Amino acid sequence: MTKALVVIDVQESFRQRPIWSAVSNPDLVAQVDRLVTAARDAGDLVVWVLHTAPGSNTPFDPASGYVRLIDGLVPAEDEPVITKTSRNAFTTTNLQQLLTARGIRKLVVCGIQTEQCCETTTRVAADLGFDVTFVTDATATFPIPHRNAPKGLTPAEILADPRTLHTADIVSRTEYALAGRFATIRTVAELTSQLATPVNG
């Protein structure tokens, strides 16, 4: 086993936020499930990462009950489920140790927050020497309000603001920044075909 699929923050916490109605990829769970199925079929490790913010009184606070995978995604008994409190999946976890102990050098990254948790995990992984594949169509993100926009805007108000950075632009910019420097960009269709082919035949 030299490859791992890292599934980042595909958790119920995000569905509890109003901005979920503007999510870039409503089909995310199905796309992630395709990657998970292909990874398992290929004998690759699947690592599940959940974001927590203890004491925050938000859906990311473990006390809320929402820090769990979105319905439809279920870890196998031998698949690690780790929690983080930083944007990237390495800084506040034992992820590097877990991967290194198993001899894993190649990572496939997917999950929620294309330009935040997924991108920063990819950058850190590349710096640590991992060969990273970033599966953009198995990530999801949300419109980013302008830094001077008032707090508490509704999703409709955020989308109506001409200064808002829309999800298509976020995805495009993330791919542009990562491609060829920190990661190889692949689609779910490309990768599931590759993962489903056993190494020895």
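Scroll up a little and you will see the structure.
Remember, it's a predicted structure, so these values are computed and weren't measured experimentally. (Residues numbered from 1 in each chain as written. Predicted model: local features only at pLDDT ≥ 70, side-chain atom pairs only at ≥ 80, totals over all residues. Heavy atoms only, no water.)

Trainee: For this particular structure, what's the right way to read the layout of surface pockets?
Mentor: By rolling a water-sized probe across the atoms, one finds the places where empty space is left. Taken as a whole, the largest pocket encloses approximately 490 Å³ of empty space. Lining the largest pocket are 21 residues, with F14, R17, Q113, Q116 and F142 sitting closest to its centre. Of all the elements in the fold, those that place two or more residues in the lining of the largest pocket are α4 (114-127) and α5 (155-160). Of the residues contributing to the lining of the largest pocket, the split by class is 13 nonpolar, four polar and four charged. (1 Å grid on protein atoms, 1.4 Å probe; cavity = no way out; pocket = protein on both sides within 12 Å on 5 of 7 lines; lining within 4 Å. Points joined across faces, edges and corners; volume = space filled by probe spheres on them. Helix = DSSP H or I, 4+ residues; strand = E, 2+ residues; numbered from the N terminus. Nonpolar A, V, L, I, M, F, W, Y, C, P; charged D, E, K, R; others polar.)

Trainee: Where do I start with the nonpolar core in this structure?
Mentor: Grouped burial of nonpolar side chains is what soluble globular proteins tend to show. In terms of nonpolar packing, the biggest core is built from 30 residues, with L5, V7, V10, V32 and L35 touching the most fellow members. Here this core takes five residues from helix α2 (residues 28-42), the largest share from any one element. Among residues more than four places away in sequence, those in contact with V7 are V32, V36, V46, V47, W48, V49 and C110. (Core = buried A, V, L, I, M, F, W, Y, C linked by side-chain atoms within 4.5 Å. Buried < 20%, exposed > 50% of the residue type's maximum accessible area, 1.4 Å probe, protein only. Contact = heavy atoms within 4.5 Å.)

Trainee: Help me understand the sheet that holds strand β6 (residues 184-186), please; the structure alone is not making it clear to me.
Mentor: Within a sheet, adjacent strands bond to each other through the backbone by hydrogen bonds, running parallel or antiparallel. The parallel open sheet is built from six strands, whose spatial order is β3-β2-β1-β4-β5-β6. Of all the strands in the sheet, just β3 (81-84) and β6 have a single pairing partner and so form its edges. Between one strand axis and the next, the sheet turns by 25 degrees as a mean value, whatever way the strands run. Where strand β1 (residues 3-8) and strand β4 (residues 106-112) come together, six bridges link them in parallel fashion. (Pairing = 2+ DSSP bridges. Axes fitted to C-alpha atoms, helices over the stretch in contact; angles between N-to-C directions.)

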